[in-house]
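As a plain string of letters, each chain reads:
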Amino acid sequence: MRTKKDYVLNQKDGKYIPEKVGLKSVQRDGLEFTLVFDIKHFAVSSKDRTGLFMGKPEFQISELTGKLIFRLV
């Protein structure tokens, strides 16, 4: 997944002017994620089909995190 600038077209003096409104996530069609982490200084799961991380408090990603995920594969 990647992000790109998102624009909207606003009409001004009969012309359409593009205005930046932030960032938009872009992904390939048909692609779905099993696990998504929102990371700032710590990670928290925003999507979790595994049930390992959803509803859990923020944590630091470590080698143990990778091992937990690897066991599911």
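Residues numbered from 1 in each chain as written. Predicted model: local features only at pLDDT ≥ 70, side-chain atom pairs only at ≥ 80, totals over all residues. Heavy atoms only, no water.

On to the overall build of the chain, then. For the chain, the count of helices and strands is 1 helix and 4 strands. Counting helices and strands in the order they occur from the N terminus, the chain gives β-β-β-β-α. Relative to the 2.2 N^0.38 estimate, which gives 11 Å for 73 residues, the radius of gyration of the chain is 18 Å and therefore markedly larger than a compact globule would have. Seen through its C-alpha atoms, the chain measures out along the principal axes to roughly 60 × 30 × 20 Å. By the burial criterion, 8% of the 73 residues in the chain qualify as buried. Of the roughly 6,600 Å² of accessible surface on the chain, 54% is carried by carbon and sulfur atoms. Computed over 14 positive and 9 negative side-chain charges, the separation of the two mean positions in the chain equals 4 Å. (Helix = DSSP H or I, 4+ residues; strand = E, 2+ residues; numbered from the N terminus. Rg over C-alpha atoms; globule rule 2.2 N^0.38 Å. Buried < 20%, exposed > 50% of the residue type's maximum accessible area, 1.4 Å probe, protein only. Areas by Shrake-Rupley, 256 points an atom, 1.4 Å probe, with all protein chains shown as cover. Lys, Arg positive; Asp, Glu negative; His and termini not counted. Charge placed at Lys NZ, Arg CZ, Asp CG, Glu CD.)

Take the side chain of Asp48 next. Checked against the element boundaries, Asp48 lands in strand E4 (residues 43–48). The buried charged residue Asp48 lacks any salt bridge partner; its closest oppositely charged side chain belongs to Lys56, at an N-O distance of 7.1 Å. Polar contacts involving the side chain of Asp48 include one to the side chain of Thr50, which spans 2.3 Å. At 3.1 Å, the side chain of Asp48 forms a polar contact with the backbone nitrogen of Gly51. (Salt bridge = Lys/Arg side-chain N within 4 Å of Asp/Glu carboxyl O. Polar contact = N/O pair within 3.5 Å; in protein donor to acceptor, adjacent residues only side chain to side chain.)

Phi at Asp13 is positive, roughly 55°, even though this residue is not glycine. Turning to its location among the elements, Asp13 is positioned in the loop between strand E1 (2–12) and strand E2 (15–26).

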